[in-house]
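These are the residues of each chain, in order.
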Amino acid sequence: MINKPIQKIIFGSPGTGKSHMIKAETLPSLGIDEEKNPENVIKSVFHPEYTYGDFMGKLLPITRAGQVEYNFYEGHFLKALAQAYKNIISFHQKAEGLENPENVILVIDEINRGNSSAIFGSIFQLLDRDDNGWSSYDTSINGVAFFRLLELIGFNFSYDKNQEIDEYKLKGFDSAKKLDTFKPKLSYLNFDLVNKTIKIPPNLHIVATMNTSDNSIYHMDTAFKRRWEWEFIDVNENHSKKIKEAGEGIAFEKPKEWESFIGKLNQFIKSNHSYIRGIEDKQIGKYFIKTQDGKIDYAVVQSKLMFFIWDSVFNRDKKPLADLLGVPKDELVTFGDFALKVKEFIKAIQER
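Given the structure is predicted, the values throughout are model-derived calculations rather than measurements.

The rules we used
Residues numbered from 1 in each chain as written. Predicted model: local features only at pLDDT ≥ 70, side-chain atom pairs only at ≥ 80, totals over all residues. Heavy atoms only, no water. Salt bridge = Lys/Arg side-chain N within 4 Å of Asp/Glu carboxyl O. Helix = DSSP H or I, 4+ residues; strand = E, 2+ residues; numbered from the N terminus. Buried < 20%, exposed > 50% of the residue type's maximum accessible area, 1.4 Å probe, protein only. Core = buried A, V, L, I, M, F, W, Y, C linked by side-chain atoms within 4.5 Å. Contact = heavy atoms within 4.5 Å. Axes fitted to C-alpha atoms, helices over the stretch in contact; angles between N-to-C directions. Parallel < 35°, antiparallel > 145°, perpendicular 65-115°, else oblique. Left-handed = near helix turned anticlockwise from the far one by under 90°. Nonpolar A, V, L, I, M, F, W, Y, C, P; charged D, E, K, R; others polar. pLDDT = per-residue confidence, 0-100. Polar contact = N/O pair within 3.5 Å; in protein donor to acceptor, adjacent residues only side chain to side chain.

On to the pattern of salt bridges, then. Under the defined criterion, the tally for this structure stands at 13 salt bridges. For the salt bridge of glutamate 74 with arginine 148, the shortest nitrogen-to-oxygen distance reads 2.9 Å. Placement of the pair is glutamate 74 in strand E4 (residues 67-74) and arginine 148 in helix H5 (residues 143-153), with a sequence separation of 74 residues. The class of glutamate 74 is partly exposed, set by a relative accessible area of 24%. Residue aspartate 317 pairs with lysine 329 through a salt bridge whose shortest N-O separation is 2.9 Å. Remark: lysine 329 occurs in the loop between helix H11 (319-325) and helix H12 (335-339) and aspartate 317 occurs in the loop between helix H10 (298-313) and H11; sequence separation between them is 12 residues. The exposure class assigned to aspartate 317 is partly exposed, which follows from its relative accessible area of 22%. A relative accessible area of 44% means that lysine 329 is categorised as partly exposed. A single network of salt bridges, built from pairs that share partners, joins Glu74, Arg148 and Glu151.

What follows is the structure in structure tokens.
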């Protein structure tokens, strides 16, 4: 059984050690040795000129012997996806002595310095994950990208008289298979060779960094934010430790407790509509946070819900939050100040 995949944005001020955390903590936790298996670590940096083509792949011209040809160059996501699939295939071919397929991590630095929604494009649909780690939904990709994905995994093709691909062969299998017979053979990959659909597998982890000082460069919409876990690093290490300590324990024991809470939270948000721009998409649905065995930890409320409240709902004025907590506005200068009060925040909403 593969552990729950990591799909997280680590955020904080510049120079707080976000990238170091990925290297020193996240990679070891996934059993990834970057020096020994560098192919399992794919790194990218978003910026204003970074596009879906850079992320998934694109056709680029190349001149050979005076002739212009177009080659498809895989992007960072397609490369990471192919490597994760390769590791799953390797696991199924030699499962003895192996607990799980090797993990792959896609690291995205400065995720908010690019237009994330446009860069992810249709891949956005894959970010919802089921409890088994696979994408909840599949999405189709264009034929050129799909065939390049198969090549990266290790497939070879044969063609019929019309130069259409009709057989696939994969290293480790004895013979080529017709398109309609190969699909069930590799059902554990969860992609459809006929309809060219894919899912993110559970051994592919996506971790991004974000400088909170840069969060106005490109706006991240609520739907995009909801699909990530969030982890805050305060500029003060001791403050970060206190925030982690405040986030220990279970905030909600049962789904009904969570649903009751967000009902009251939405009433609080609506009652302060004069401080909010675009009230319709600033309220919280019960699936904003997925429960784990019916429970929700304080740490998740801190990093995901409270950051959304701080950064997206009351981003213009923190007065309603200060009034709710019964503290002077000067005590809520940074998100770290707010996150430290997670238990007080939940209690204040529940008592409304």
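Turning our attention to the nonpolar core. With 88 residues, the main nonpolar core has Phe77, Ile111, Leu305 and Phe345 as its most contacted residues. Residues in contact with leucine 305, not counting those within four places in the same chain, are Trp258, Phe261, Leu265, Ile284, Phe288, Ile289, Val300 and Phe345. In this structure, Leu27, Leu30, Ile32 and Val41 belong to the second largest nonpolar core, which totals 12 residues.

On to the packing of helix H9 (residues 255-271) against H10. When two helices pack together, their arrangement is captured by the angle between the axes and the distance separating the axes. Two elements in contact, H9 and H10, have axes separated by 14 Å at closest approach and are oriented at 15°. Relative to H10, the element H9 lies roughly parallel. For the pair H9 and H10, the sense of crossing is right-handed. Residues Trp258, Phe261, Leu265 and Ile269 of H9 form the contact with H10, whose own contacting residues are Leu305, Ile309 and Val313. Of the residues assigned to the contact of H9 with H10, the class counts are seven nonpolar, no polar and no charged.

When pLDDT is averaged along the chain, the result is 86, and 88% of the positions lie at 70 or above. Mean pLDDT in the chain bottoms out at helix H6 (residues 179-185), which sits at 49, and peaks at strand E5 (residues 104-109), which reaches 97.

With that settled, the discussion passes to the side chain of glutamine 7. Structurally, glutamine 7 is set in strand E1 (residues 7-12). For glutamine 7, a relative accessible area of 6% puts it in the buried group. Within polar-contact distance, the side chain of glutamine 7 engages the backbone oxygen of leucine 127 at 2.7 Å. Side-chain polar atoms of glutamine 7 contact the backbone oxygen of arginine 227, separated by 2.8 Å. When residues no more than four places from it in sequence are discounted, the contact partners of glutamine 7 are Leu127, Arg129, Ile206, Arg227, Trp228 and Glu229.

Running from N to C, H9 and helix H13 (residues 342-350) cross one another at 85°; their axes reach a closest spacing of 9 Å. The orientation of H9 relative to H13 falls into the category roughly perpendicular. Where H9 abuts H13, its residues Phe261, Lys264, Leu265 and Phe268 lie against Phe345, Ile346, Ile349 and Gln350. Per-class residue counts for the contact of H9 with H13 are six nonpolar, one polar and one charged.

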